[in-house]
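# Examining the three-dimensional arrangement
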Amino acid sequence: MRAKASEMASKDCVKVAVRVRPFNKRERDAGSRCIISMTSNSISIQDPRNSQNSRTFTFDYTYWSHSGFSRNKDGLFVPEETGGRYADQASVFLDLGQGILDNALQGYNATLLAYGQTGSGKSYSMVGYGPNKGLIPTLCQRLFQSIRSMQDSRQCQVFFSMLEIYNEQVVDLLSKSSRSAGGLRVREDQQTGFYVEGLRRVPCDSALQVEQLMEQGTRTRTTAATHINNSSSRSHMLIIVQLKQIFSKECITKQSNIYLVDLAGSERQRSSGSEGDRLKEGTAINLSLTTLGNVISALADMALGKKIYIPYRDSVLTKLLQSALGGNSRTVMIATLSPADICYEESLSTLRYAERAKKIQNKAVVNESPTERLVKELKAENAKLLLRLSRLGQEGRKAEDESKELRRLLTHNELQIRAIQTLWEQHLQEALKDWETQYATITQERRMMQMYPYIMNVNEDAQLSSVVKLFIQEEGEWDIGLADNSPRALSIRGLGIQEKHAVFSNQQRRVSITPVSGAKVIVNGLQVSKRTELQHLDRLVLGSNSTYLFIGFPSERSAEDWSRYDYDYFQSELAAAEGFHIQSLCDDQGHRPHQPDPSLLAVFYDYIKLMPMVTEANQMSAELKKGVEFKLEIKNLAMSDSKGHDLEKDIAVKVTSVESKQVWMWSKAKFINRKFLMEEVYQQQVAGGEGADRAPLPRDRDPFWDPLEPLHLGSAHLWLQSLAFRIPLEEQVEMVGPEGTEEAILQAQLVPCSPAGLALGEDDILIDPSELLGKRLDFQLVLDQCCGLRWVKEARNRGVQIGFQVFDCPQPLYTPAVWHNVNPLLDHRVQFTALRTSQDLLNYLQSNALVLELWGLQEGCSELLSNMDGMKMTQEDSVIIDKISASEHLTAETGSSDLSSSLRALHQDLDKLRNANAALKKENSALREQLNSSRNGVENNRGRQERRGSLRPSCDAEFAKALKVFYHSMTSVRGQLQRLRRHKPSEEEDLLGLRLFVDEHTFLLKDFSEQLEQCVSTLKHDVAAIVRRKREKSGVWS
Ligand SMILES: Nc1ncnc2c1ncn2[C@@H]1O[C@H](COP(=O)(O)OP(=O)(O)OP(=O)(O)O)[C@@H](O)[C@H]1O
Ligand SMILES: [Mg+2]
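Everything quoted here is computed from the prediction, not taken from an experiment. (Residues numbered from 1 in each chain as written. Chains lettered and ligands numbered in written order. Predicted model: local features only at pLDDT ≥ 70, side-chain atom pairs only at ≥ 80, totals over all residues. Heavy atoms only, no water.)

Attention now goes to the site of ligand 1. Surrounding ligand 1, one finds 17 residues, the nearest of these being Gly119, Lys122, Ser123, Tyr124 and Tyr129. Within the backbone of glycine 119, one N or O atom sits 2.7 Å away from an oxygen atom of ligand 1. One of the side-chain N or O atoms of serine 123 is found 2.8 Å from an oxygen atom in ligand 1. Bound to the protein, ligand 1 loses 83% of the 640 Å² it would expose on its own. Looking at the shell around ligand 1, the element that brings in the most residues is helix H3 (residues 122-126), giving 3 residues. Residues belonging to the shell around ligand 1 are distributed by class as follows: 4 nonpolar, 9 polar and 4 charged. (Near = heavy atom within 4 Å. Polar contact = N/O pair within 3.5 Å; in protein donor to acceptor, adjacent residues only side chain to side chain. Areas by Shrake-Rupley, 256 points an atom, 1.4 Å probe, with all protein chains shown as cover. Helix = DSSP H or I, 4+ residues; strand = E, 2+ residues; numbered from the N terminus. Nonpolar A, V, L, I, M, F, W, Y, C, P; charged D, E, K, R; others polar.)

In structure tokens form, the structure reads like this:
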């Protein structure tokens, strides 16, 4: 039953809805798969790596907005067919918005929260885009409709506020005065709870007015965003609609607060984590969101009966949402999801979050405000006064004096009542006047858009794009920059923007831009230094990262959809100019472009996401004179693991000290965290203006600084196959850097040896590697010399070490450090021993390489030390590998228990049997030889034996050589096979595309089989030659 009496608290849970949006461009480019499915109120998500692994959740509402829609003539996204499953904005409003409105009209507080990862559709649902209006504007429109339809029974007052929480600071988005440093304060009132002190409350009486206020708020948000942080995704936007309903007849006043919250992108919680960073996570990077999660979890636990502390006070957001969560409010959360497989982790975490939120219990009550109670009380008093007056009237003249007094009181009370009520009217009139001037500005802007060329801001958050428009009006020159001291100046703010940054000139209906010296201006991805003529839809980047689209004269404007020039487009264009092009990822070594590998695409998008941040970090470093430069690198672009499989690619940021040439390598997460901390420092020291804190930061708190560490420069592969045949290998291998550059050449050897370390001879070469099984294998890794070290060539005060990890060794081993030498002698030799070669080790030798990692040392950084914990050594100081079989062996040797002694006995038996077997084999072959010799009638048996003795090694050596050639040629065949494996058709390929794919695949296959045939036939040919020679020499056929 709905609560009617104001005192009655209704206990109800937070209602939770989930909505899944269509694929975006990135996801379509990546050929993403939809992993979300929905049936009535349940939603399932499938793990893209394991289709068996699927999780199902149930919620109050689920909305399928992924497919089955079309755009109608008004630009609205609607279901393709009537009754289709596509949930459009109207149907979402009907369930969620209408409920909020009904609650508010009944006098309850109501809250609507949107939660989800960046770009998942929070703002689309809450605010909307273009004609597809979201919950907030529709709710306001319906609110005023309701107010009008009910105006006979009540008087309504609506106040509108809009604020942003960024970095734990509250910014009033509707404030008329300039932004106060440190933001507005959040205070607590004993009765009403937390509120924002000095927040502007604008009286409103139409939906149009609200829309205009939202536009104004978005404009403020955009300006703040372009000022320093480009990413509004890190800020929370709150709209507070206060509704007061005065029922004069019933003498009741109801007051409700509607909180509409568009939360910051949720994924930042993890991706910006400071794992492994020396410095703590940027204090407030997402404190509000993290605390919101904690509050929700605690409330969910409380609903299960646990007594638990709710950390509302830990962040600004949770203070303001205290009543919405577990308090006096009816609350709805809409969790928005991307449907794509690449967002699995984030979507699952959103669903888990939503699952917890639905357990929260609120206690909503219908509210009466104290002011209205006063009116009620005054009215009640007046009623009493009137009653007394009428009685006095009956009592005659003697009561005249008293009546006079009563009348005075009565008028006073009435005046008071009117004063309370007219205050609203006055405020409304003032707000309307304000609104009219604002509205005139907007109309003026719309008119100018139809007359002049202009530049329009493009923001990472689509909600904040096309908000700022700067017009290049009549003919002549227009300065653009920080300065706003002349009527012909276009004032912009942002990192790296100079007082006077560039000059636009508008002559004979052509617009051009000329950068002022030292100012960075990029047109369509390329930096310009001279006057450059602009074309309609040219992309401009001013300073570090202020992005604008140029809109030409109305006559030049085509019907082209401008929305394709979004933030991603700008960044991709810049990346392409740096040589990192999406096409290059799709190109497979000169063959036809194909569907790019999703992991490569993810790297590409990470790259373009981090690119503007790196530019900004460089700008801040320059302005703060930090002397470090940041550069994006792709980790593992050319790296493979010990099996030759490509390593997962990732983005890293290389930090270089300009003066000392010291280098650091930061992970993506660390860089994001540091960038946030840099912004804090920058704000304090530069953007803070006069009186800002300019004291240099101590090193240990400086986000630009880190202690030096050895750097991973590259790696080389030494294939181990030859060891399985006990053939020595001597190679010069290229040590390749993460992006494929040659870092050095390394001379290395793998030498099968005796336990004492003496190299084995050709006699010991095995034809069949399985002969190694169960036997002891000793080999040495010899690292002779490193040549042409790029790292040391760049700065002589550097050194290197080489690290390697063999089979089951728990830690890598390192060569001693060598310093200041481009071609250092390493002369490093390590012996490894498998006491009883296992099948695992044999497999490893046959299919793996030893990866030799090159580590760069810099002055002041500590060297890498081999950690011998958990390593076992033989008496000869050789490192024991293949420990499972070794431990059997060792247990048998030490043999203290019954089991180990019987094992030892078994081993001894086995050895005896092996010896007997070998003796029998020997006898057998001797007998065969005798037989041969008697067959061939050769008299001197001894001479034959000598000949055989000299023949075997040479044949085996030839055989080994042939094998070696074979292995080498197989390496390139293996590469070709990997290429073939990666080569897949796109799912969206049409018939022609598929045909082309088949042709190309056939070509690749042919190439592969030719290479393979060539290898095998060379091997056959070599083996045949060896056999022939062997037969000739042994004289079998002579
Ligand atoms: N249901 C939907 N139907 C069609 N397009 C959608 C839908 N939801 C989102 N989009 C589109 O996806 C893009 C990103 O959506 P939106 O701006 O709402 O994300 P967000 O969650 O607010 O991200 P941020 O955290 O960065 O603010 C927009 O271009 C929007 O038009
Ligand atoms: Mg948004």
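Now, onward.
Moving on, we get to the pairing of strand S17 (residues 236-247). Counting buried positions along S17 gives 12 out of 12 residues, so the element sits mostly inside the fold. Of the two faces of S17, both are covered, the one formed by His236, Leu238, Ile240, Gln242, Lys244 and Ile246 as well as the one formed by Met237, Ile239, Val241, Leu243, Gln245 and Phe247. Across 11 bridges, strand S12 (residues 155-166) lies against S17 in antiparallel orientation. In the sheet register, glutamine 157 faces S17, and the bridge partner there is lysine 244. Of the strand pairs in this sheet, S17 and strand S18 (residues 252-262) are connected by 11 bridges, and their pairing is antiparallel. (Buried < 20%, exposed > 50% of the residue type's maximum accessible area, 1.4 Å probe, protein only. Pairing = 2+ DSSP bridges.)

Inspection of every chain in the model, using the stated rule, returns 32 salt bridges. With its nearest N and O atoms 4.0 Å apart, the salt bridge here joins glutamate 633 to lysine 654. Here glutamate 633, found in strand S32 (residues 628-635), pairs with lysine 654, found in strand S33 (residues 650-657); they are 21 residues apart in sequence, far enough to count as distant. Where arginine 776 meets glutamate 876, a salt bridge forms, and the shortest distance between an N and an O atom there is 3.5 Å. Of this pair, arginine 776 sits in the loop between strand S37 (742-753) and strand S38 (777-787) while glutamate 876 is found in the loop between strand S43 (849-857) and strand S44 (879-881), placing the two residues 100 residues apart along the sequence. Since its relative accessible area comes to 30%, arginine 776 is described here as partly exposed. What emerges from the salt-bridge pattern is a single network uniting Glu743, Arg790, Glu794 and Arg798. (Salt bridge = Lys/Arg side-chain N within 4 Å of Asp/Glu carboxyl O.)

Another point: the sheet that holds strand S5 (residues 50-58). Strand order in the open sheet made by the 3 strands is S3-S4-S5, with antiparallel pairing throughout. What marks the edges here is a single partner per strand, and that holds for strand S3 (36-39) and S5. With direction set aside, neighbouring strand axes in the sheet form an average angle of 25 degrees. Across 4 bridges, the pairing between S3 and strand S4 (residues 42-47) is antiparallel. Along S4, the bridge assignment pairs threonine 39 with serine 42. The sheet strands contacting helix H9 (residues 344-357) are S4 and S5, and the helix crosses S5 at an angle near 30 degrees. (Axes fitted to C-alpha atoms, helices over the stretch in contact; angles between N-to-C directions. Contact = heavy atoms within 4.5 Å.)

Quick look at the confidence of the model for the chain now. Confidence along the chain averages 83 in pLDDT terms, with 82% of residues attaining 70 or more. In this model residues 1-9 is a low-confidence stretch, pLDDT under 50, and it forms 16 contacts with partners more than four residues away in sequence or in other chains. Of the regions scoring below 50 in pLDDT, residues 270-274 engages in 19 contacts with residues more than four places distant in sequence or in other chains. (pLDDT = per-residue confidence, 0-100.)

Glancing now at the sheet that holds S32. If you walk across this open sheet you meet the 3 strands as S32-S33-S34, and the pairing is antiparallel. Each edge of the sheet is formed by a strand with only one pairing partner; in this case those strands are S32 and strand S34 (663-667). Looking at each pair of strands side by side, their axes are set apart by 30 degrees on average, direction ignored.

What follows is about the nonpolar core. Of all hydrophobic cores here, the largest spans 54 residues; its most connected members are Leu746, Ile802, Phe804, Phe832 and Leu852. With 5 residues, S38 is the largest single contributor of residues to this core. Excluding its chain neighbours within four sequence positions, the residues that come into contact with phenylalanine 804 are Leu781, Leu783, Pro812, Leu813, Thr815, His828, Val830, Phe832, Leu850, Val851 and Leu852. (Core = buried A, V, L, I, M, F, W, Y, C linked by side-chain atoms within 4.5 Å.)

It is worth spelling out the packing of helix H2 (residues 89-106) against helix H4 (residues 135-149) at this point. Taken N-terminus to C-terminus, the directions of H2 and H4 make an angle of 45 degrees; their axes are 10 Å apart at the nearest point. Taken together, the axes of H2 and H4 are oblique relative to one another. The two elements H2 and H4 meet at a crossing, and its hand is right-handed. Of the residues in H4, those touching H2 at Val92, Phe93, Leu96, Gly97, Gln98, Ile100, Leu101 and Leu105 are Leu135, Thr138, Leu139, Arg142, Leu143 and Ser146. Looking at the contact of H2 with H4 residue by residue, the classes come out as 9 nonpolar, 4 polar and 1 charged. (Parallel < 35°, antiparallel > 145°, perpendicular 65-115°, else oblique. Left-handed = near helix turned anticlockwise from the far one by under 90°.)

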